[in-house]
Amino acid sequence: MDKWRNIFNPSSVFVPLGAIVLGLISGAVIMLLGGYNPVDAYQALFEKVFGSPYDIGETIRTITPLLFTGLAVGFTYRAGLFNIGADGQYIMGMTGAAIVGIKLQLPWFIHAPLAVLVGALFGGLWAALVGYLKASRGVNEVISSIMLNWIALYLSNYLLRALLLEPGQQRSYFIHESASVSIGWLSRALENARMDWGIFIGLIGAVVFYFLLWRTKQGYELRAVGLNPDAARYAGINIKSSIVKSMFIGGVFAGLGGVFEVLGVFHYQVLSAASSGYGFDGIAVALLGGNHPVGIVFASILFGTLTYGSAGMNFSADVPTEIVRIVIGAVIFFVASHGIIQGIVKPFLASRRKLDRKGAA
Amino acid sequence: MKNMKKSSFVVSALLAVILVLSACGGGSTGGNGGNAGTNNGAGNAQGGTKAGENFRIGMVTDRGGVNDKSFNQTAWEALKQLEGDTGAKVKYLESKTDADLIPNMNQFIKDGYDLTWGIGFLFEDAAKTVAEQNPDAKIAVIDTVVDLPNVESVTFAEHEGSFLVGVVAGLTTETNKVGFVGGMEMPVIKKFEAGFRAGVAAANPDAKVLVNYVGDFNKPDQAKVAASTFYNDGADIIFHAAGGSGNGVFSEAKDRAKSGKKVWVIGVDKDQALEHGDDVTLTSMIKKVDQAVLRVSNDLIAGEFKGGEVTVLGLKEDGVGLPETNKNLTDEVLQQVEEFKQKIINGEITVPTK
């Protein structure tokens, strides 16, 4: 009981909620300024997300990569590292999965798990590289990881071109059926929405995230390094290996996001001129979720819903997609500027607590 | 207590702002509605019921979005024109990621739109999936081919148009060196390069063609560097097929023109002399995406949707070619271009595609 109360304590619940409400209100104000009806727009958003089984399925599909990259950023943040490289790790995950999915031919019970594993490893090692540079040479992880995003993009394009490209196409060959992680019956039940095991693995990932950090000695060390590296070193914790480990695990999460995009959603990888940006959305998701797995799950649901629903606002209420991005931006803004929300929420909480105390007395 | 006061002030101020704004917003929405009403009335009074009024046509963009100054924008402008001409209702959805292509197409189809456009080669797999799952829906794609009975595909013979600008370049170059700057190295852009090479070779066998692909349609900086290298290398004409990156080629040419050097750029997709001026724009290889969109959409309204067919728009169909006015081309050059054009149309010359 106490554990849950710790997770859902007033400031961890009301600050994000307040941020969301303020974000939605700002969005409404902007829509009004533009001459659009915010009530219609939010209704259209809601209907787009929950309107049909297909839309529910596709919303889940939108949430999945955000959940993975959110976990990737959140995990490393707990160890005191700001992982901007989730985008690159995501791409490496896609590439690893695509290579195994296309190049190897194995029975399904080995093929799909192997492809998932290799993709996760690609992502993990890509991130561990950042951790290693930081641990051994003191390279700032923000700079190295953001630069490695570009290297990952072009390296991935190179590998695609060299190994996997279908002639005359801008994408790889399709992966073998045995490597697919799509769930056929669920897709059929949801009117052909693209469903795969990603969301379930993502939720398991959130649980793993929790257990690693709060239920193991390693996790305790990681968090100690994150809270105060000097104190952690004094306590005899190996900071260097902690940094590499936490980056590796974060990279595995991001890599898995890319894996399921390839093996579950597309079944091929596209030669891309720019990254999909999931890694950067993941930063916002982690921030909104307070870098806690439960928070990240909810934050990814919110972001996925807003992202997918934006097409509905555009379609049914004729609100430009940009407005929805402004709403998302506003939510992040309000979350990032804790002070504003706390300034509003805290006094209410404080007065309620006072009342509680009076009542108790 | 002090804090409490401050925060309730903030909240009430916020509420006040929202109330005021919602009043304004309501008013303006009403006004818009009224306008739309009068417009419709006028339209009806003038032309009676328009042919396309009961038709709804949707368009899904790729990640470039509807304001990409290229493909998507041209297609959307064509649909807007269609709306004005026929009264058909048109709408677009932008795709934020590649994963959005399918749900966006499905949005139109599930809403019962009469035709859904997928603009660009990226739609090949998305359109195929959606068309298979919705055999009754009508879908049209540009720049790619989907072989299904409910999909009409439109592609362009870019190599033919590029051949003609290749002829222009071959006849105009003084250094016997010309350049080609491509966007991404992919089949469609390869057609531009192949046609251009063949055209240059046909008009001027001594001329050399330098080639560079910058890897993206939205990297003018890299295209500028590529152009700079070519010009330094002695090329005096560069043909670009690089979308937004091509602006970098123009920028480099303008810089050189300023310092008194005479260099040329051959534009792509539309008459780029209109945007970049006649000082550096020799001519352009026009690709009439708008004509393709209008043609297929009008067929639909006329009840003649050609599902399952592939329409290739080349020189013969006037789907590609040079602009109508070419201030920088001599009559001699234009005459030769016309001769080659006729040869391609009547099959005397077959332009390679790769």
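Everything numeric here is computed off the predicted structure, so don't read it as measured data.

## Some thoughts on the domain arrangement of chain B
How big an interface is tends to be expressed through the accessible area that disappears when the partners come together. Residues and elements named next belong to chain B. Domain assignment breaks chain B into domain 1 (56-156 + 290-313) and domain 2 (158-287 + 324-345). Between domain 1 and domain 2, the residue contacts involve six residues of the former and eight residues of the latter. With both chains or domains summed, domain 1 and domain 2 bury close to 710 Å², and 54% of this area falls on carbon and sulfur atoms. Its largest share of buried area at the contact with domain 2, domain 1 owes to Lys 69, Phe 121 and Phe 156, together 60% of the area lost on that side. For the pair domain 1 and domain 2, the interface holds one salt bridge. Looking at the side of domain 1 that touches domain 2 residue by residue, the class counts come to three nonpolar, one polar and two charged.

## Describing the pattern of salt bridges
Applying the stated rule across the entire model yields 25 salt bridges over all chains. The residue Asp 318 of chain A makes a salt bridge to Lys 91 of chain B at a minimum N-O spacing of 3.3 Å. Here Asp 318 of chain A is found in the loop between α14 (293-316) and α15 (321-336), whereas its partner Lys 91 of chain B is found in strand β2 (residues 89-93) on a different chain. Here Asp 318 of chain A falls in the partly exposed class, since its relative accessible area comes to 44%. A residue is classified by how much of its surface remains accessible, and Lys 91 of chain B, at 17% relative accessible area, is buried. Lys 224 of chain B is the partner of Glu 252 of chain B in a salt bridge, and the nearest nitrogen-oxygen pair spans 3.6 Å. Of the two residues, Glu 252 of chain B is situated in helix α8 (residues 246-258) and Lys 224 of chain B in helix α7 (residues 220-232); the sequence distance between them amounts to 28 residues. Sharing partners across several salt bridges, the network here consists of Asp 143, Glu 158, Lys 191 and Lys 287 of chain B.

## A short note on the interface of chain B and chain A
Contact residues are listed per partner, giving 43 residues for chain B and 46 residues for chain A. Surface buried jointly by chain B and chain A totals about 3,600 Å² across both partners, of which 57% is contributed by carbon and sulfur atoms. Inspection of the chain B/chain A interface yields four salt bridges. As a salt-bridge pair, Glu 191 of chain A and Lys 110 of chain B come within 3.9 Å of each other at their nearest N and O atoms. At the boundary of chain B and chain A, one finds nine residue pairs in polar contact (both at pLDDT 80 or more). Elements with a contribution of two residues or more to the side of chain B that touches chain A: α1 (2-47), β2, α3 (101-110) and α4 (123-133) of chain B. Counting residues per element, the side of chain B that touches chain A draws most heavily on α1 of chain B, which supplies twelve residues.

Reading the values: rules and limits
Residues numbered from 1 in each chain as written. Chains lettered and ligands numbered in written order. Predicted model: local features only at pLDDT ≥ 70, side-chain atom pairs only at ≥ 80, totals over all residues. Heavy atoms only, no water. Domains from an automatic or database assignment. Contact = heavy atoms within 4.5 Å. Buried area = accessible area lost by both parts, 1.4 Å probe. Salt bridge = Lys/Arg side-chain N within 4 Å of Asp/Glu carboxyl O. Nonpolar A, V, L, I, M, F, W, Y, C, P; charged D, E, K, R; others polar. Helix = DSSP H or I, 4+ residues; strand = E, 2+ residues; numbered from the N terminus. Buried < 20%, exposed > 50% of the residue type's maximum accessible area, 1.4 Å probe, protein only. Polar contact = N/O pair within 3.5 Å; in protein donor to acceptor, adjacent residues only side chain to side chain.

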